[in-house]
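Examining the three-dimensional arrangement
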There are 2 protein chains.
Amino acid sequence: MKKITLEDIAKSLGVSKTLVSLILNNKAKEHGISPDTVDRVLKKVKEMNYMPNQAARGLRTGKTNLIGLIVADISNPFYARISRAIEDLAWKKDYHLMVCSSDEDPEKEAQLVRILREKMQVEGLIISPTTDNVEVFRDLKKIEFPFVLIDRNYPKFSCNSVVVDNIRSSQSAVKHLIDSGAKRVALLTLSPAHISTLSERQEGYKLALKEAGIPFEEDLVREVPFSDIKNSVKKTLQDWLKAKQPIDAVFCANNHLAVAVLETISDLGLRIPYDLRMVSFDDVDVFKFSYPPVSAVAQPIEDIGTRAMEILFNNINDRASRESAEHVVLPAELVIRRSSSSL
Amino acid sequence: MKKITLEDIAKSLGVSKTLVSLILNNKAKEHGISPDTVDRVLKKVKEMNYMPNQAARGLRTGKTNLIGLIVADISNPFYARISRAIEDLAWKKDYHLMVCSSDEDPEKEAQLVRILREKMQVEGLIISPTTDNVEVFRDLKKIEFPFVLIDRNYPKFSCNSVVVDNIRSSQSAVKHLIDSGAKRVALLTLSPAHISTLSERQEGYKLALKEAGIPFEEDLVREVPFSDIKNSVKKTLQDWLKAKQPIDAVFCANNHLAVAVLETISDLGLRIPYDLRMVSFDDVDVFKFSYPPVSAVAQPIEDIGTRAMEILFNNINDRASRESAEHVVLPAELVIRRSSSSL
DNA sequence: AAAGTTTACTAAACTATTTTAGGTGCTTCA
DNA sequence: TGAAGCACCTAAAATAGTTTAGTAAACTTT
């Protein structure tokens, strides 16, 4: 079962490789190839079930029709859904997707960027960047390599990015808690707070307090370490609840934190929303069926992928577009469920 | 920012491309290249940050270091987790993964197989096959192309496969429902029941009934269409519950069905497990925090990916191994939660 | 009827790597 | 002193496409 090549097609018709190649690349007209020949060649190609070898084509043209996607962990449903949206768009344009997980490790991320670009020769990258890797992206930008950051970006560095409006949607989530009667709203967030999403959500929290005329209290914000969410959340929550002035609501900066809150509250024999109201960022399936159902900020996940892909394609096809940077900020929607009801 | 090639390295050292290539491919010893030269070359390679072009290498050697993964939908957390396990193993061996979603469409699947094989020149495939595409895999087997089916396989066709013990674990799930007091256990499954997993789960259901001496009733098995799970489940459940002899337990053949049951029961104002006990196949996050927590058969997801990858690598590296077929059947674990408690 | 134009096609170069089949110059030994 | 052996290295082919720079033959024009 030898692989069929251009040459096989050409030989079996007694024509040159050039001819077949030109026809397959839709350059028949512009090279004055007779419609008759075009038909003959196309028929043969179909008959022999020929498919061009991407490696050979890529080698000659530099076009691999590959794009790379780097996320923290593809088994995280949030990224899995983004990946799917990107895959669909890519395949529509005959591009193929290579997905890699960085595990939030800047070094692994940098290595992945290099491997995808230099070894696999991807034509563009979509990346949900880790904490601290601006240099890598500065380099990419400098050599005008097409890429788009999603979900997170760097405050002091401008490049293509598609993110959600973390500030405003967090603000409205916290406002909603206050409106539903909460007097002391705490914020649970994660400790590498220089990830843009997290600091922005914190900012939204502060804005909502300010707007409501509630003074900000340092003690009501806690950054728990990524590595030990469960225990840290438990301890934090216990502290907050047995304080002189116990909290009556908590805003969780991501879904993992919210799940930990659910677990803790159930462990402590308390009830949401009666003993504590809560809203989470990131609407995952769990929240719809949890007890009680959890209010959450739902990100337009598929849109993130789609918009990123559009920008990337534009960058790939239009050199000039690489000089500027496109910043897309998508709105997120607050889905209200029982965890934040006004009792 | 021109790409650095072998030739650049060679020229900058005044040696031949051959030399550099041999050294980089660890063939220095066998070609009697002096250790001195090896050092000089390796140093330069590092200094110039050189990385071989995979397209050129693949073209010459036929080795692309690519493997393809075809699943129904990568945004499904089950497949996302498998994909992650595969990715990790692949990268460890310097292989790269190309993930595609078939949307359960046999034609799309066949096309993906072709594109991945002929165009992308992947060295092997891991596939969670759709309903009815045996011919595609028969062809692959015939030309001894390395591939492994996961999650599902075809009853009358033998090829590498890694699946879970659907029959036995379904049987024990249903047995558990009966043991906990259920008298009339129904089965909710999906309509293309010739997907091996589904028919096996149905078989397990029947075995459990038989074992308990409960006669099988056609009416207590319903295959709902994939396209309209929500409504169909609702209607079916209502039928079952208002029958002369209402059911008191249901075994769901997958997590989507179970989620639909949760929704319906909540819509109807009923309570699990008091009005209806349930167990699902496929343990997803939702079930841990749902109200009530749902008992489920947990598949060893990462193992599936890992084992498949091991078999695939073996096939890729050892031609002889392609003649036989390896069948791996992994055990699944029943996780008991409140949805099936004995009241 | 020579020159120019058009039509329909092709030979060969090129891409970056691996691999085959040597080649060079030194030492060793008869 | 000339052949053999050895240690080290290289030229060129090969891979499967695309692209450049044509060419041959037929047809048109003057």
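Up top is the structure.
**Quick word on the packing of helix H1 (residues 6-13) of chain A against helix H3 (residues 35-47) of chain A**
Residues and elements named next belong to chain A. Remark: H1 packs on H3, axes separated minimally by 10 Å, with the N-to-C direction vectors making an angle of 125 degrees. Taken together, the axis directions place H1 and H3 in an arrangement best described as oblique. Considering how the two elements wind past one another, H1 and H3 form a crossing that is right-handed. Contacts from Ile 9, Ser 12 and Leu 13 of H1 reach H3 at Arg 40, Val 41, Lys 44 and Val 45.

**Side note on the protein's contact with DNA strand C**
B:Leu6, B:Lys17, B:Ser21, B:Lys27 and B:Arg60 are the nearest of the 27 residues found near DNA strand C. Here DNA strand C approaches the protein such that, of its atoms within 4 Å, sugar and phosphate make up 57%. The contact in question runs from a phosphate oxygen of DNA strand C to an N or O atom on the backbone of A:Ser34, over 3.2 Å. Within the backbone of B:Leu6, an N or O atom sits 2.6 Å from a phosphate oxygen of DNA strand C. The set of elements that each furnish at least two residues to the surface near DNA strand C consists of helix H2 (17-24) and helix H4 (54-61) of chain A together with helix H2 (17-24) and helix H4 (54-61) of chain B. With four residues, H4(B) is the largest single contributor of residues to the surface near DNA strand C. Here the surface near DNA strand C is composed, by residue class, of nine nonpolar, 13 polar and five charged.

**So, the sheet that holds strand E2 (residues 96-101) of chain A**
Residues and elements named next belong to chain A. The strand order across the open sheet built from six strands is E2-E1-E3-E4-E5-E11, with neighbouring strands paired in parallel fashion. Edge positions in the sheet fall to E2 and strand E11 (327-330), since each has one partner strand and no second. If you compare each strand with its neighbour and ignore which way they point, the axes differ by 15 degrees on average. Pairing between strand E4 (residues 147-150) and strand E5 (residues 161-164): two bridges, direction parallel. Within E5, the position partnered with Leu 149 by the bridge is Ser 161. Packing against the sheet, helix H7 (residues 134-142) makes contact with strand E3 (124-127) and E4, and its axis sits at approximately 150 degrees to E4.

**A closer look at H2(A)**
Residues and elements named next belong to chain A. Listed in full, the buried residues belonging to H2 are Leu 19, Val 20, Leu 22 and Ile 23. All buried residues of H2 fall inside an arc of 165 degrees around its axis, so they share one side. Of the surrounding secondary structure, the elements contacted by the buried residues of H2 are H1 and H3. Looking one or two residues past H2, Asn 26 carries a phi angle of roughly 60 degrees, positive in sign.

**Digging into empty space enclosed by the protein**
Taken as a whole and assessed by the stated rule, the structure comprises five cavities of 30 Å³ or more. For the largest cavity, the lining is made up of 17 residues, of which A:Ala55, A:Leu66, B:Gln54, B:Ala55 and B:Leu66 are closest to its centre. For the lining of the largest cavity, the secondary structure elements donating two or more residues are H4 of chain A together with H4 of chain B. Within the lining of the largest cavity, the residues separate by chemical class into six nonpolar, nine polar and two charged.

**A few points about the relation of the copies chain A and chain B**
The transform that puts chain A on chain B rotates by 180 degrees and translates by 0.1 Å along the axis, for an RMSD of 0.2 Å. Taken together, the rotation and translation describe the operation of a two-fold axis. Of all interface residues in chain A, 100% are interface residues in chain B too; the two copies therefore contact each other through one and the same surface.

**Some words on the interface of chain A and chain B**
Residue-level contacts link 49 residues of chain A with 49 residues of chain B. Between chain A and chain B the total buried area reaches about 4,700 Å² when both faces are included, carbon and sulfur atoms providing 65% of it. When the buried area of chain A at its contact with chain B is split by residue, A:Met51, A:Lys119 and A:Phe289 rank highest and sum to 16% of it. A salt bridge links B:Lys119 to A:Asp94; its shortest N-O distance comes to 3.2 Å. On the surface where chain A and chain B come into contact, there are 16 residue pairs in polar contact (both at pLDDT 80 or more). Elements that contribute at least two residues to the side of chain A that touches chain B include exactly H4, helix H5 (77-92), E2, helix H6 (106-119), helix H11 (255-267) and helix H12 (285-289) of chain A. A class-by-class count of the residues in the side of chain A that touches chain B yields 26 nonpolar, nine polar and 14 charged.

Parameters and conventions
Residues numbered from 1 in each chain as written. Chains lettered and ligands numbered in written order. Predicted model: local features only at pLDDT ≥ 70, side-chain atom pairs only at ≥ 80, totals over all residues. Heavy atoms only, no water. Axes fitted to C-alpha atoms, helices over the stretch in contact; angles between N-to-C directions. Helix = DSSP H or I, 4+ residues; strand = E, 2+ residues; numbered from the N terminus. Parallel < 35°, antiparallel > 145°, perpendicular 65-115°, else oblique. Left-handed = near helix turned anticlockwise from the far one by under 90°. Contact = heavy atoms within 4.5 Å. Near = heavy atom within 4 Å. Polar contact = N/O pair within 3.5 Å; in protein donor to acceptor, adjacent residues only side chain to side chain. Nonpolar A, V, L, I, M, F, W, Y, C, P; charged D, E, K, R; others polar. Pairing = 2+ DSSP bridges. Buried < 20%, exposed > 50% of the residue type's maximum accessible area, 1.4 Å probe, protein only. Arc of directions from axis to C-beta. 1 Å grid on protein atoms, 1.4 Å probe; cavity = no way out; pocket = protein on both sides within 12 Å on 5 of 7 lines; lining within 4 Å. Points joined across faces, edges and corners; volume = space filled by probe spheres on them. Least-squares fit on C-alpha atoms with pLDDT ≥ 70 in both. Buried area = accessible area lost by both parts, 1.4 Å probe. Salt bridge = Lys/Arg side-chain N within 4 Å of Asp/Glu carboxyl O.

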